[in-house]
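The residues making up each chain are set out below.
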Amino acid sequence: MKYETGTEGPNSASAERSTEDVSAVARTAVAAGRHVHTALTAGPHGGEKVLLLHGFPQFADAWTEQLTSLARAGYRALAVDQRGYARGARPDRVADYTVDRLVADALAFSQALGSGPFHLVGHDWGGLVAWAFATEHPELLASLTVLSTPHPQAIAAALRSDPDQARRSAYVRRFRRPDGVAEADLLADGAAALRRVYGDSLPPGLVDSYVDRFSEPGALTAALNWYRALPEALTLPGGRIRVPTLYLWGDQDGALGRTAAEGTGAWIDARYRFEVLKGAGHWLPDGHADRVDPHLLTHLAEHAAV
């Protein structure tokens, strides 16, 4: 993978850029209120805009393969280290990590891409933010794509009716433990418990990179504050979805079961496609890019931004 260092300005692209240059992933920064978020971007400045939101415990790097694929297809894509993950965006209070704040951040990220409709893509917690964003701001979206994470109302229904989903979600309360208890458990013995979260689906070098970043002072606490900011019932906002939606789910996902995945379609009032990736687990963007990207590119092409 080719990386460029620095931030590209709006006039830096040449009409004679090669395909290789256009698909290179560049490091940049995005402001959201008083916070500054590190980010990755790729693709021609005139391309349709795509915003990608990562989950826990990952960073914008999880989308590296998608950034390259999107850029090669002519899209301008941006993946941002979200609130708590970027060093310049780590407020101290748990109350600063509620979903309304995360949606406001996503709105600021989209504005950094420019005006006009854009495509929103989210995985894991980024998917939950994407569902909430699409509920509140459908007029801003050309399309929605969510990986792994069912619609919040489908998750809530599954938690009430499906003991299997309740068992799968038990980890959430462990992550919510206060006073550094959850952090200490995850980082003990060389971050053995945190490494187990990833399973064996990701390249060891990528896992090492994630663990190193979460070992920075305050980084894991800020990421876990997303869980701590949940209400006691663990419910999240999300209503009717009125934009074209693609939902990808791996049938070996250890955290999110079939009941919620299959119940998601009941909340979509627009064109909807549900794809089950057989044999795939939870880590779809960075663990199964070869299967994710063709579905994503087809969906975006079918719902061009106007």
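Residues numbered from 1 in each chain as written. Predicted model: local features only at pLDDT ≥ 70, side-chain atom pairs only at ≥ 80, totals over all residues. Heavy atoms only, no water.

> I keep staring at the overall build of the protein and nothing clicks. Help me out?
Scanning the protein from N- to C-terminus turns up 13 helices and nine strands. For the protein, the spread of C-alpha atoms along the three principal axes comes to 55 × 45 × 35 Å. Within the protein, buried positions represent 54% of all 306 residues. Look at the contacts in the protein between residues 6 or more apart in sequence, and 73% of them connect residues 24 or more apart. For the protein, the exposed surface amounts to about 12600 Å²; the carbon and sulfur share of it is 51%. Of the charged side chains in the protein, 30 are positive and 36 negative; the average position of the first set lies 4 Å away from that of the second. (Helix = DSSP H or I, 4+ residues; strand = E, 2+ residues; numbered from the N terminus. Buried < 20%, exposed > 50% of the residue type's maximum accessible area, 1.4 Å probe, protein only. Contact = heavy atoms within 4.5 Å. Areas by Shrake-Rupley, 256 points an atom, 1.4 Å probe, with all protein chains shown as cover. Lys, Arg positive; Asp, Glu negative; His and termini not counted. Charge placed at Lys NZ, Arg CZ, Asp CG, Glu CD.)

> Would you mind showing me how to read the pattern of salt bridges here?
Two side chains with opposite charge may pair up if their charged atoms get near one another. All chains considered together, the criterion is met by 18 salt bridges. Residue Arg-195 is joined to Asp-208 by a salt bridge in which the shortest nitrogen-to-oxygen separation is 2.8 Å. One end of the pair, Arg-195, is in helix 8 (residues 181–198); the other, Asp-208, is in helix 9 (residues 204–214), and 13 residues separate them in sequence. The network of salt bridges with shared partners includes Asp-61, Asp-81 and Arg-213. (Salt bridge = Lys/Arg side-chain N within 4 Å of Asp/Glu carboxyl O.)

> Can you walk me through the packing of aromatic side chains in this structure?
Given two aromatic rings, one states the distance between the centres and the angle between the planes to describe the pair. Under the definition given, this model contains 18 aromatic pairs. With a centroid separation of 5.4 Å and an interplanar angle of 85°, the aromatic rings of Phe-56 and Tyr-227 are classed as edge-to-face. Highlighted residues: Phe-56 in the loop between strand 4 (49–53) and helix 2 (64–72) and Tyr-227 in helix 10 (residues 219–228), separated in sequence by 171 residues. With a relative accessible area of 4%, Tyr-227 lands in the buried category. (Phe/Tyr/Trp six-rings, centres within 6.5 Å; stacked < 30°, edge-to-face > 60°.)

> I would appreciate a short explanation of the pairing of strand 7 (residues 141–147) in the present structure.
The side chains of a regular strand alternate between the sheet's two faces. Of all the seven residues making up strand 7, seven are buried; the element is thus mostly covered by neighbouring parts of the structure. Bridge count for strand 6 (residues 118–123) against strand 7 is six bridges, and the pairing is parallel. Counterpart to Gly-122 in the pairing with strand 7 is Val-146. As defined by bridge partners, strand 7 adjoins strand 8 (residues 245–250) across four bridges and the pair is classed as parallel. Across the sheet, residue Thr-145 finds its bridge partner in strand 8, namely Leu-246. (Pairing = 2+ DSSP bridges.)

> Quick question: what am I supposed to make of the environment of Leu-230 here?
Here Leu-230 lies in the loop between helix 10 and strand 8. Residue Leu-230 is classed as buried on the basis of its relative accessible area of 9%. Separated by 31 residues in sequence, Leu-230 and Ala-261 have C-alpha atoms that sit 21 Å apart. Leave out the neighbours within four places in its chain, and Leu-230 touches Trp-125, Val-172, Arg-176, Thr-235 and Leu-236.

> Would you take a moment to explain the side chain of Asp-105 for this structure?
Tracing the sequence through the fold places Asp-105 in helix 3 (residues 99–113). Accessibility expressed as a relative area gives 5% for Asp-105, which makes it buried. Setting aside residues no more than four positions away along its own chain, Asp-105 makes contact with Ala-32, His-37 and Arg-83.

> Sorry if this is basic, but what is going on with helix 5 (residues 152–161) here?
Three or four residues apart is the spacing at which side chains of an α-helix point the same way, because the helix has 3.6 residues per turn. Inspection of helix 5 places Pro-152, Ala-154, Ile-155, Ala-156 and Ala-158 among the buried residues, and these make up the whole buried set. Taken together, the buried residues of helix 5 touch helix 4 (125–136), helix 6 (163–168) and helix 11 (258–263).

> Just checking my understanding: could you explain helix 8 for this structure?
Across its 18 residues, helix 8 extends only 20 Å between first and last C-alpha, which sits more than 12% below the 26 Å expected from 1.5 Å per residue. The largest bend in helix 8 comes to about 125°, at Gly-190. Every buried residue of helix 8 is accounted for by Ala-182, Glu-183, Leu-186, Ala-191, Ala-193, Leu-194 and Tyr-198. If you follow the buried residues of helix 8, they end up packed against helix 7 (170–175), helix 9 and helix 10. (Expected span 1.5 Å × (residues − 1). Bend = angle between axes of the 7 residues up to and from the residue.)

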